[in-house]
Amino acid sequence: MKLAKLNDGPEIFHTLQGEGVSAGLPATFIRASRCNLHCRWCDTDYTWNFEGTPWKHDFDTRPGYAKHRKEDVTIEISPEAIADVVRPLPPRRVVLTGGEPLLQESGWLELIGLLRDGSEAWAFEVETNGTRIPSDAFAEAVDQFNVSPKLANSGMDPSLRLVPGALEYFAASPKAWFKFVAASPDDLREIDELAERFRIRPERILLMPEGRTGAELDRHAAELAEACVARGWRFSDRLHVRLWGDRRGV
Ligand SMILES: Nc1nc2[nH]cc(C(=O)O)c2c(=O)[nH]1
Ligand code: SF4
Ligand SMILES: [Mg+2]
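Rules used in this analysis
- Residues numbered from 1 in each chain as written.
- Chains lettered and ligands numbered in written order.
- Predicted model: local features only at pLDDT ≥ 70, side-chain atom pairs only at ≥ 80, totals over all residues.
- Heavy atoms only, no water.
- Near = heavy atom within 4 Å.
- Polar contact = N/O pair within 3.5 Å; in protein donor to acceptor, adjacent residues only side chain to side chain.
- Areas by Shrake-Rupley, 256 points an atom, 1.4 Å probe, with all protein chains shown as cover.
- Helix = DSSP H or I, 4+ residues; strand = E, 2+ residues; numbered from the N terminus.
- Nonpolar A, V, L, I, M, F, W, Y, C, P; charged D, E, K, R; others polar.
- Axes fitted to C-alpha atoms, helices over the stretch in contact; angles between N-to-C directions.
- Parallel < 35°, antiparallel > 145°, perpendicular 65-115°, else oblique.
- Left-handed = near helix turned anticlockwise from the far one by under 90°.
- Contact = heavy atoms within 4.5 Å.
- UniProt positions renumbered as here; feature names shortened; annotations may be inferred.
- Buried < 20%, exposed > 50% of the residue type's maximum accessible area, 1.4 Å probe, protein only.
- Phe/Tyr/Trp six-rings, centres within 6.5 Å; stacked < 30°, edge-to-face > 60°.
- Lys NZ or Arg CZ within 6 Å of the ring centre and 35° of its normal.

Undergrad: Just checking my understanding: could you explain the site of ligand 1 for this structure?
TA: Residues in contact with ligand 1, as listed here, are T15, L16, Q17, G18, E19, F29, R31, T97, E127, H240 and V250. A distance of 3.1 Å separates an oxygen atom of ligand 1 from a polar atom in the side chain of R31. Starting from 330 Å² of accessible surface for ligand 1 in isolation, the protein chains cover 90%. When residues of the shell around ligand 1 are traced back to their parent elements, those giving at least two are β3 (12–16) and β4 (26–31). Residue composition of the shell around ligand 1, grouped by class: three nonpolar, five polar and three charged.

Undergrad: Is there a simple way to think about the packing of helix α2 (residues 79–86) against helix α3 (residues 105–116) in this case?
TA: Geometry of a packed helix pair, given as the angle between the helix axes and the separation of the axes. At their nearest, the axes of α2 and α3 sit 9 Å apart, and the two run at 45 degrees to each other. Looking at the two axes, α2 sits oblique to α3. In this structure, α2 crosses over α3, and the sense of that crossing is right-handed. Residues P79, E80, I82, A83 and V86 of α2 pack against G107, E110, L111, L114 and L115 of α3.

Undergrad: I keep staring at the UniProt feature "binding site: substrate" (unreviewed entry) in the protein chain and nothing clicks. Help me out?
TA: With numbering matched to this structure, UniProt assigns "binding site: substrate" (unreviewed entry) to L16, Q17, G18, R31 and T97. Among the secondary structure elements, R31 is positioned in strand β4. With a relative accessible area of 13%, R31 lands in the buried category. With residues near it in sequence (within four places) discarded, R31 still touches L3, A4, E11, F13, T44, Y46, T47, T97 and G98. At a separation of 3.4 Å, a polar atom in the side chain of R31 contacts the side chain of Y46.

Undergrad: Is there a simple way to explain the packing of aromatic side chains in this structure?
TA: Evaluation of the coordinates by the stated rule reveals seven aromatic pairs. Relative to F170, the ring of Y169 lies with its centre 5.2 Å away and its plane at 85 degrees, an arrangement referred to as edge-to-face. Three or more aromatic residues joined by ring pairs make a cluster, and in this case those are F138, F145, Y169 and F170. Its guanidinium or amino end placed over the ring of F59, R62 lies 3.9 Å from that ring's centre, counting from NZ or CZ. The ring of W177 has R204 lying over it, and the distance from NZ or CZ to the ring centre is 4.0 Å.

Next up, the structure:
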């Protein structure tokens, strides 16, 4: 499989789930490399913003920022080797994230099979951008989809970031929760439209402030919380950002 590389190894770390309906639960994260989108504010640009690609990123104007050399930021690793890293760690909850993890379904299926191996203890969550319909086997194998559709502020064309069949699939799935990142009243209007268009039930929607520091998260928190109260949506914080800041591996 292609995972993001961190300190010369695969980006696998155990922490507390910081976002969504299982926020606060101990979990092991496995970060896939590669994404089918390329959002301009993406905080895991090292999974896709490679040398030679035409994608634009907000970091382009940062002094010293350069596109990544694919070999420097990717590690090729087998499901067996990933299982050997994950098994000794304490959590029995695993979060498959990225990048876009649904681009590597068959590898995950193998990994999940190796880890479950007769034990009921394991739970698997998937953080996805909601543009791909999972196979029946994959949807059966995992416990939860945290679906985070991208808005206009991602800079992505609607035809790429909004795939009606996939969003309708997740809207009807008992395993899926929708996590929308919002920073402005425009974002909120857009989320209202998506919820209506794809018939996403309000009790399955979480609104999460955008931000890489506690102060940034707080800027919009009160306003978003009000919107949640008015619509019957949940509010999600970004617990890991508050606890450990904008760092990799937490
Ligand atoms: N603690 C923690 N929680 C998270 N929830 C979603 C994450 C992600 O990057 O997908 C993430 C992450 O990177 N760390
Ligand atoms: S979908 Fe997620 S991982 Fe992919 S570019 Fe957008 S923010 Fe980054
Ligand atoms: Mg993250």
